[in-house]
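Understanding the architecture of this molecule
Single-letter residue listing:
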Amino acid sequence: MISIFFRTAVALFIVLPWIGPAGAAPVERPNVIIIFADDLGWGDLSCQGHPTIATPNLDRMASEGQRWTDFYSAASVCTPSRAALMTGRLPIRSGMCAETPRVLVANSPTGLPHSEITLAEALKEVGYATMCIGKWHLGRPAEFLPKSQGFDEYFGLPYSNDMGRFKKIPRRGKDGEPDYRACRVPLIRGDEVIEPATDQRQLTKRYTEESLRFIKTHKDEPFFLYLAHTMPHVPLFRSEKFVDHSRRGRYGDVVEEIDDGVGQILDTLRQLKLDKKTLVVFTSDNGPWLVFKEHGGSAGPLRDGKGGTFEGGMREPAVFWWPNTLAPGIVRDMGSTLDLFPTCVKLCGAQLPDDRQIDGVDISPALLGTGKSPRETMFFYRAEKLYAVRHGAYKAHFFTRPSYGKDAMTEYEHDPPLLYDLGQDPGEKYNIAAKHPEVIAQIKRIAEQHLKGVVPVENQLEKGYRLKKRRAVKTVPVKKPIPDRE
Ligand code: MG
């Protein structure tokens, strides 16, 4: 009797790794598609309230799935943000963040260390077909390209689309718009450059076509697709069909072409009857590049943008879609791109490495509607320095620094830290430090505890980087809370 019970229990344990929402049908391990925009602001989708950018496909994806309001990238610039997404670890742990350069440059001789375990490696281990399409920015030399980091296939740009140029052609034409012929960036397939100066106007369209091909080819086996769009990073390019498509101008055209690609991917999943077997995530690597004005995006009500540690730099739009399995709705829990690694590892039946610190948490209870996201704290680093910490609704800034402008080389050290209640004040306008010394004391303890667990590692971004002239950062102590807006 006992043995029958035991065998039944073991059989159930194998067949039903765990139970879906409301004890419904068992959850099969899903295919995973992560769509990662570049420099898209929190406010740049119509479902996030943008008045003149139309994103009907992402809006539908959000209404069928989940839209998270408090979802963060792990850094405010490209390379460290991508390192964190791929590994579930803060970039400080892999050496993938620095002050100069803040990202890998075109001729950087290095990349994400091979000792790191990427999501692609973890999923490949349990039989997933893997592909990276789009912007990589975790190492240009062949030995650091996606195929060396767990991806079976790669098609895309190795770094940002502004990292090469033809000097003879001005970057902007007479109309002030970017000239694609001036932007010399290589398109790579596998490890080989297939177009030394690709026509960036075709990139978004080609990434989508490549995604559809990959999905169709692997429809009968589990797959992981990491689609990291080159856009809407400046310079902005879109294909013919999307020229003057948007009321928001060129930036809107570019976002609407990405949205169209999302629609094609979701339609293809439906046609192949893979929709109920596929988790699709859409988010962005960092906030809008505000210095480019109309060519940069919008963080909506959030303060500042790309490069900074106010909310606009790192809080991103985040949409999750997995029909019949995800509990649809707006999720106001805290989450991060760091969490995608442990969450996908769990959902796909892979192994979480136990020999290293993983900073992500498994947010699957919130996705499946069985519980809340366990994330209560978010750390905001600028390069190797901890600038701010959010715990619950409160965020304390120990340092701040303008993300651009004449004051960009000045770092303000706040004692007491600036304190904002992100529930009452998501725009970080009203410093309430004087009223809540107990909150500051608690966040300081959390920061100290966290920093004790950060072991210095070799910096990868500075390796082989020749500085013409290092500009010194000036640290200015601010003893009293500074006025709310600089
Ligand atoms: Mg970026």
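Note that the structure is predicted; figures quoted are calculated from it, not measured.

Here the focus is the coordination of the magnesium ion. Note on metal geometry: ideal angles are 109.5 degrees for four donors arranged tetrahedrally and 90 or 180 degrees for six donors arranged octahedrally. The coordination sphere of the magnesium ion contains the protein donors Asp38 (OD), Asp39 (OD), Cys78 (SG), Asp285 (OD) and Asn286 (OD1), at a distance range of 2.1 to 2.6 Å. Every donor residue of the magnesium ion comes from the same chain, spaced as D-D-x38-C-x206-D-N. Of this pair, cysteine 78 sits in helix H3 (residues 78–87) while aspartate 285 sits in the loop between strand E8 (278–284) and helix H7 (311–314); the two residues are 207 residues apart in sequence, bridging distant segments of the chain. Residue cysteine 78 shares its accessibility class with aspartate 285, and that shared class is buried.

One finds Ile34, Trp68, Phe224, Tyr226 and Phe320 to be the most contacted residues of the largest nonpolar core, which totals 47 residues. Examining the composition of this core, we find that 5 residues originate from one element, helix H8 (residues 340–347), more than from any other. With sequence-adjacent residues up to four places away left out, phenylalanine 320 is seen in contact with Met61, Gly65, Gln66, Trp68, Phe71, Leu279, Val280, Val281, Leu326, Leu340, Ile363 and Leu367. Residues Ile33, Ile215, Leu236 and Val262 belong to the second largest nonpolar core, which totals 44 residues.

To continue, consider helix H10 (residues 437–452). Between its first and last C-alpha, H10 extends 23 Å over 16 residues, near the 22 Å set by a 1.5 Å rise per residue. Listing the buried residues of H10 in full gives Val439, Ile440, Ile443, Ala447 and His450. Axial view of H10: buried residues confined to an arc of 95°, hence all on one face. Exposed residues pointing more than 90 degrees away from the buried face of H10 are listed as Pro437, Arg445, Glu448, Gln449 and Lys452.

Here the distance between the centres and the angle between the planes together describe a pair of aromatic rings. As enumerated under the stated definition, the model contains 12 aromatic pairs in all. With 6.2 Å between their ring centres and 25° between their planes, phenylalanine 151 and tyrosine 226 make a pair best called stacked. With phenylalanine 151 in the loop between strand E3 (129–134) and strand E4 (153–156) and tyrosine 226 in strand E7 (residues 223–228), this pair connects stretches of sequence that are 75 residues apart. Each member of the pair phenylalanine 151 and tyrosine 226 is classed as buried. One aromatic cluster is present, built from ring pairs that chain together Phe36, Trp136, Phe151, Phe224 and Tyr226. Over the ring of phenylalanine 380 we find lysine 395, and its NZ or CZ is 3.8 Å from the ring centre.

What follows concerns the domain arrangement of the protein chain. In terms of domains, the protein chain is made up of domain 1 (30–376) and domain 2 (378–478). Computed from C-alpha coordinates alone, the two centres of domain 1 and domain 2 are separated by 25 Å. Taken residue by residue, the interface counts 44 residues in domain 1 and 37 residues in domain 2. In total, about 3500 Å² of surface goes out of reach between domain 1 and domain 2, with carbon and sulfur atoms giving 60% of it. At the junction of domain 1 with domain 2, the criterion picks out 4 salt bridges. Close ionic contact of glutamate 99 with arginine 401 constitutes a salt bridge, the shortest N to O distance being 3.3 Å. Linking domain 1 with domain 2 are 16 residue pairs in polar contact (both at pLDDT 80 or more), by the criterion used here.

Burial analysis of H3 places 10 of its 10 residues in the buried class, the great majority of the element. Along H3, the positions that sit buried rather than exposed are Cys78, Thr79, Pro80, Ser81, Arg82, Ala83, Ala84, Leu85, Met86 and Thr87. Elements in contact with the buried residues of H3: strand E1 (31–37), helix H4 (119–124), E7 and H8. Two residues or fewer after H3 comes glycine 88, characterised by a positive phi angle close to 70°.

In this fold, threonine 204 is placed in helix H5 (residues 203–217). Overall, threonine 204 belongs to the buried group, its relative accessible area being 2%. Not counting the four nearest positions on each side in its chain, threonine 204 is found in contact with His229, Met231, Glu257 and Ile258.

Another aspect to go through is the pairing of strand E14 (residues 410–421). For E14, a buried count of 9 out of 12 residues is recorded, marking the element as mostly surrounded by other parts of the structure. Sheet topology places strand E13 (residues 394–400) next to E14; 6 bridges connect them, and they run antiparallel. In the sheet register, alanine 396 faces E14, and the bridge partner there is leucine 419. By the bridge criterion, 5 bridges tie E14 to strand E15 (residues 474–478) in an arrangement that is parallel. Residue threonine 410 lies in a different strand from E15, and its bridge partner there is lysine 474.

Across the 7 residues that make up E13, a large majority, 6, are buried. Sheet analysis places strand E12 (residues 385–391) next to E13, joined by 4 bridges and oriented antiparallel. What sits directly across from alanine 388, in E13, is histidine 397. Hairpin connection from E12 to E13: 2 residues lie between these consecutive antiparallel strands, with glycine 392 at a positive phi of about 60°.

Before going further, it helps to spend a moment on the sheet that holds E8. One open sheet accounts for 10 strands, arranged E6-E5-E4-E3-E7-E1-E8-E9-E2-E10; its pairing is mixed. Looking along the sheet, the strands with just one partner apiece sit at the ends: strand E6 (192–195) and strand E10 (329–336). The average undirected angle you get between the axes of adjacent strands in this sheet is 20°. Where strand E2 (residues 66–72) and strand E9 (residues 315–321) come together, 5 bridges link them in antiparallel fashion. The residue of E9 that forms the bridge with phenylalanine 71 is glutamate 316. Across the sheet, H3 lies against E1 and E7, angled at about 170° from E1, the strand it touches most. Along the sheet, H8 makes contact with E1, E2, E8, E9 and E10, crossing E8 at roughly 175°.

Conventions used here
Residues numbered from 1 in each chain as written. Predicted model: local features only at pLDDT ≥ 70, side-chain atom pairs only at ≥ 80, totals over all residues. Heavy atoms only, no water. Donors = N, O, S within 2.8 Å, 3.2 Å for Na, K, Ca; no water. Helix = DSSP H or I, 4+ residues; strand = E, 2+ residues; numbered from the N terminus. Buried < 20%, exposed > 50% of the residue type's maximum accessible area, 1.4 Å probe, protein only. Core = buried A, V, L, I, M, F, W, Y, C linked by side-chain atoms within 4.5 Å. Contact = heavy atoms within 4.5 Å. Expected span 1.5 Å × (residues − 1). Arc of directions from axis to C-beta. Phe/Tyr/Trp six-rings, centres within 6.5 Å; stacked < 30°, edge-to-face > 60°. Lys NZ or Arg CZ within 6 Å of the ring centre and 35° of its normal. Domains from an automatic or database assignment. Buried area = accessible area lost by both parts, 1.4 Å probe. Salt bridge = Lys/Arg side-chain N within 4 Å of Asp/Glu carboxyl O. Polar contact = N/O pair within 3.5 Å; in protein donor to acceptor, adjacent residues only side chain to side chain. Pairing = 2+ DSSP bridges. Axes fitted to C-alpha atoms, helices over the stretch in contact; angles between N-to-C directions.

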